[in-house]
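Commentary on secondary and tertiary structure
Residue strings, one per chain:
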Amino acid sequence: AQSVTQLDSQVPVFEEAPVELRCNYSSSVSVYLFWYVQYPNQGLQLLLKYLSGSTLVKGINGFEAEFNKSQTSFHLRKPSVHISDTAEYFCAVRRPNDYKLSFGAGTTVTVRA
Amino acid sequence: EPEVTQTPSHQVTQMGQEVILRCVPISNHLYFYWYRQILGQKVEFLVSFYNNEISEKSEIFDDQFSVERPDGSNFTLKIRSTKLEDSAMYFCASTQLGASGTDTQYFGPGTRLTVL
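A brief look at the structure comes next. (Residues numbered from 1 in each chain as written. Chains lettered and ligands numbered in written order. Predicted model: local features only at pLDDT ≥ 70, side-chain atom pairs only at ≥ 80, totals over all residues. Heavy atoms only, no water.)

**Observations regarding the overall build of chain B**
Spelled out, the test is: A helix here means a DSSP run of H or I that spans at least four residues, while a strand means a run of E at least two residues long, and both kinds are numbered starting from the N terminus. All radius of gyration figures rest on C-alpha atoms, and the globule criterion is 2.2 Å times the number of residues raised to 0.38. The buried label goes to any residue with under 20% of its type's maximum accessible area, the exposed label to any with over 50%, and the partly exposed label to all in between, with areas taken from a 1.4 Å probe on protein chains only. Any two residues whose heavy atoms approach within 4.5 Å at even a single point are treated as in contact.
Along chain B, the regular secondary structure elements total zero helices and 11 strands. What you see in chain B, going N to C, is helices and strands ordered as β-β-β-β-β-β-β-β-β-β-β. For 116 residues, the compact-globule formula gives about 13 Å, and the C-alpha radius of gyration of chain B, at 13 Å, lands near that figure. Along the first, second and third principal axes, the C-alpha atoms of chain B reach 40 × 30 × 30 Å. The 116 residues of chain B split such that 49% are buried. For chain B, the proportion of contacts with a sequence separation of at least 24, taken over those separated by at least 6, is 55%.

Given below as structure tokens:
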């Protein structure tokens with residue numbers, strides 16, 4: 001079975017500052033990796049995903065993540081955040097040919113002016 | 001952009017009552033999913049559904065739960081006799097191709113179920 005650990009439950013950050021959200025996973029087989037965002041009162045929206053190939057993945061809204069196989073990590077970064085980035089962020093994994101996503105506990109990002 | 005919708009946004013029920021949570025997946029999607037998130041805990045997979053059959057389910061999805069696609073657009077989750085511990089946010093999701101790696105699960109906004 002696979003599992004996901006998001007190391008920070010809450011991340012306060014000032015507007016225009018960089019942010020990094022940490023995600024580590026464990027799995028006995030290769031997995032696909034995902035970051036989802038949930039804005040208040042909305043569903044989970046895919047930010048980006050890693051399936052294979054280049055370990056640096058770019059997503060929507062200026063986010064990017066880097067897959068590190070040796071450290072089993074998939075950290076999410078944004079060089080300069082906006083107030084509108086205030087949301088909850090979920091890291092998730094899925095085995096190839098499997099249906100279900102396994103999620104981390106989520107990280108709440110609060111951006112202040 | 002097409003989206004997954006869920007109704008109601010909030011459901012309050014008494015313990016022991018039956019509830020039905022409704023979802024309208026994206027119209028050309030063929031695979032449907034339910035997840036739940038108990039307050040303060042992780043989002044957990046409940047069940048996946050394809051071609052009018054359950055394709056995978058978790059250990060959480062016991063005999064109290066059932067899913068159905070009653071018509072060409074709705075996908076429902078029924079809890080027969082709710083317990084206090086069923087209180088959670090329930091998310092519906094859909095994909096076009098299922099377990100393919102290039103496919104994305106699109107999620108609805110969730111239904112918050114409160115069991116009193």
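Following the structure, the description resumes.
**Structural notes on the pattern of salt bridges**
Residues and elements named next belong to chain A. Quick reminder of the rule: For salt bridges, the criterion is a side-chain nitrogen of Lys or Arg within 4 Å of an Asp or Glu carboxyl oxygen.
In the structure shown here, the tally under the stated rule is nine salt bridges over all chains. Where E64 meets K58, a salt bridge forms, and the shortest distance between an N and an O atom there is 2.8 Å. On the accessibility criterion, E64 (22% relative accessible area) is partly exposed. With a shortest N-O distance of 3.7 Å, R77 and E66 are connected by a salt bridge. Separated by 11 residues along the polypeptide, R77 in strand β9 (residues 73-78) and E66 in strand β8 (residues 64-68) bring together distant segments of the chain. What makes R77 partly exposed here is its relative accessible area of 28%.

**So, the pairing of strand β1 (residues 3-6) of chain A**
Residues and elements named next belong to chain A. The test is simple: Following DSSP output, two strands are said to pair if at least two bridges run between them.
Burial of β1 is one-sided: the residues V4 and Q6 facing one way are buried, the residues S3 and T5 facing the other way are not. Relative to strand β4 (residues 23-26), β1 runs antiparallel, the two being bridged by four bridges. Looking at β4, one finds that V4 is bridged to Y25.

**Description of the interface of chain A and chain B**
The criterion, for reference: Accessible area that two parts lose when put together, evaluated with a 1.4 Å probe and summed over both, is termed the buried area. Think of a polar contact as two N or O atoms within 3.5 Å of one another; within protein, one of them needs to be a possible hydrogen donor and the other a possible acceptor, and neighboring residues in sequence only count if both atoms come from side chains. Three residue categories are used. Nonpolar comprises Ala, Val, Leu, Ile, Met, Phe, Trp, Tyr, Cys and Pro, charged comprises Asp, Glu, Lys and Arg, and polar comprises the others, including Gly.
Opposite the 21 residues of chain A that make contact, chain B presents 22 residues. Summing both partners gives a buried area of about 1800 Å² for chain A against chain B, and 55% of it is carried by carbon and sulfur. Remark: the boundary between chain A and chain B carries one salt bridge. The partner of A:K100 in a salt bridge is B:E56, with the nearest N and O atoms 2.7 Å apart. One can count five residue pairs in polar contact (both at pLDDT 80 or more) joining chain A with chain B. Elements represented by at least two residues in the side of chain A that touches chain B include exactly β5 (32-38), β6 (44-50) and β10 (87-94) of chain A. When grouped by side-chain class, the residues that make up the side of chain A that touches chain B number 11 nonpolar, six polar and four charged.

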